[in-house]
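One letter stands for each residue in the lines below.
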Amino acid sequence: MPELSLRSMLGCLGSRQPKRRLPPRTAQIASQSSPRRVSSSDISSPEDLSLSVIGSNLHMFTVSEIRDATEEFSKRNLIGKGGFGKVYKGHVGEGLRPGLRAQAVAVKLMDLDGLQGHKEWLAEVIFLGQLRHPHLVKLIGYCYEDQYRVLVYEFMDQGSLEKHLFKWLLCSLPWSARLKIAVGAAKGLTFLHEAEKPVIYRDFKASNILLDADYQAKLSDFGLAKDGPEGDNSHVSTRVMGTAGYCAPEYVMTGHLTVKSDVYSFGVVLLELLTGRRSVDRSRPSREQHLVDWAKPHLNSPQRLGRIMDPNLDGRYSALGAQKAAALAHWCLRRNPKSRPLMRTVVETLEPLLGLDDVPSGPFVFNVPSATADDGGDDGGDDDGGATPRRRRGRSSSWDQKHKQRFPNSSIHSDARKTLRNHVAKIQEEGTLP
Ligand SMILES: Nc1ncnc2c1ncn2[C@@H]1O[C@H](COP(=O)(O)OP(=O)(O)OP(=O)(O)O)[C@@H](O)[C@H]1O
Ligand SMILES: [Mg+2]
């Protein structure tokens, strides 16, 4: 089907693009099943955008509505900050727009001095406005007024995978939750890669995987997403962008981007889930700083795998499941992109692991991270792969007290902690999640 330009589409509607026509309050976007997806290059004004998103149910908000939703961007509501800008928790009330229910939202406000800008904002609106899937975060709407560029998403109760794996000290993510997250994220990537016009996500990493109350994973941040190659082209050539530690080596070296670049990044996140380590961690001894280099030699050997598994799991994982997941990570991380699996194959390999019931049960274990980066047995000794922090079993109360004295402002001593504990308890009760 020949590509239609936005202007020719508008022409079909019998009018040239109106100069000053106010955009409708609820914009509509061409649905995913449409033969043509709009690209960022089609859009040069707020009017273009509102007209091009016909059919999407994206809502267009005013700055004053965004201010109301976030209580004037109150610090109380600040939930994070990334390269694009600050993220606030907000609330949209009943009746603000027809078809928009009252709900909690996450509001991302573009930082005018930030690393990303209008281009990334637009890519997000264009991609997420047209692609809907249970494993992609839902974009509810946007604000495009004066210098304001805002994105309004469904609120994800459990924040990012990065927080769960690396920032929350309270407890480690149980094995079943890790697998569920890996499967969900893999399904999100499969959907993108197999779309009528494939999308390369390009920024697959733990902080861009958001989790709802049931640990359902959803991909967020489409600022770097790219349309896949067309016609006979095997790749897209782009400026190298993404996050160090997650990018495929051939992409970093040549700028050639394919869906297999995402598969590599998936392999890195799978390693993070298995080991509880960040893709790059400068606080570790030099030979352990790059997760892929450190972990890869251990992935295809059941004996060696135990040395790199996240000690916070305390052995409570399916041995067979871990072996299969590790072998899959190895496959995803192959240097030759053509030898990496398709994301569909990744899903097919991971999903059955959810049903394995050889997970040892036992009392819940809290792991006490070292107070300093170099403290504890993390000196790179080969016996445990340098992966064993100091650990205390069983009751958390004495550890709680000590931790509270030492870090009185830590968020784990707040209500958030209770919520997290309840969720983990729920997951443990349920065993393997659906
Ligand atoms: N829809 C959402 N629901 C709940 N929390 C969110 C949502 N979107 C983002 N966040 C939180 O806001 C924080 C910042 O997200 P953001 O995507 O801006 O930055 P990042 O992913 O940490 O870094 P980067 O700029 O590299 O993507 C994250 O920690 C995430 O947990
Ligand atoms: Mg992000």
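Note that this is a predicted model, so its numbers are computed, not measured.

A. Here's a closer look at the pattern of salt bridges. One pass over the full model with this rule turns up 15 salt bridges. Two residues, K187 and E351, come together in a salt bridge whose shortest N-O distance is 2.6 Å. Taken together, the positions of K187 in helix α6 (residues 175-193) and E351 in the loop between α12 (343-350) and β13 (366-367) put the pair 164 residues apart, joining distant regions of the chain. K187 sits in the partly exposed class, given a relative accessible area of 29%.

B. Molecular detail of the nonpolar core. Membership of the largest hydrophobic core comes to 89 residues, with the highest contact counts inside it found for L192, I209, L219, F266 and L350. With 11 residues, the top contributor of residues to this core is α6. Two domains share this core, each providing at least three of its residues, namely domain 1 (37-154) and domain 2 (161-355). Beyond its immediate sequence surroundings of up to four residues, L219 is in contact with H135, L136, V137, A185, G188, L189, L192, Y201, F204, N208 and I209. Counting residues in each nonpolar core, the second largest holds 14 residues, with F61, I66, L109 and I140 among its members.

C. Structural context of the side chain of E250. In this structure, E250 sits in helix α7 (residues 249-254). Here R340 takes part through its side chain, which lies 2.8 Å from a polar atom of the side chain of E250. Sequence-distant contacts of E250, defined by excluding residues within four places in its chain, comprise G255, H256, S261, R335, P337 and R340.

D. A look at the UniProt feature "binding site: ATP" (unreviewed entry) in the protein chain. Under the UniProt annotation, the feature "binding site: ATP" (unreviewed entry) is placed at K108. In this structure K108 comes out as buried when scored by relative accessible area, which is 13%. Dropping the residues within four chain positions of it, K108 is found in contact with F84, K86, V87, R149, V150, L151, Y153 and D221.

E. Representation of the packing of aromatic side chains in the model. Inspection of the entire model under this criterion finds eight aromatic pairs. Centroid distance F127 to F222: 6.5 Å. Interplanar angle 35°. Geometry classified as tilted. Pair noted here: F127 is in helix α4 (residues 118-130) and F222 is in the loop between β9 (217-219) and β10 (226-227), with a separation of 95 residues, a long-range link. The exposure classification of F127 matches that of F222, with both residues buried. When the ring centre of F155 is taken as reference, the NZ or CZ atom of K89 above it lies at 4.4 Å. When the ring centre of W121 is taken as origin, the NZ or CZ atom of R149, which lies over that ring, is 5.7 Å away.

Cut-off values and rules
Residues numbered from 1 in each chain as written. Chains lettered and ligands numbered in written order. Predicted model: local features only at pLDDT ≥ 70, side-chain atom pairs only at ≥ 80, totals over all residues. Heavy atoms only, no water. Salt bridge = Lys/Arg side-chain N within 4 Å of Asp/Glu carboxyl O. Helix = DSSP H or I, 4+ residues; strand = E, 2+ residues; numbered from the N terminus. Buried < 20%, exposed > 50% of the residue type's maximum accessible area, 1.4 Å probe, protein only. Core = buried A, V, L, I, M, F, W, Y, C linked by side-chain atoms within 4.5 Å. Domains from an automatic or database assignment. Contact = heavy atoms within 4.5 Å. Polar contact = N/O pair within 3.5 Å; in protein donor to acceptor, adjacent residues only side chain to side chain. UniProt positions renumbered as here; feature names shortened; annotations may be inferred. Phe/Tyr/Trp six-rings, centres within 6.5 Å; stacked < 30°, edge-to-face > 60°. Lys NZ or Arg CZ within 6 Å of the ring centre and 35° of its normal.

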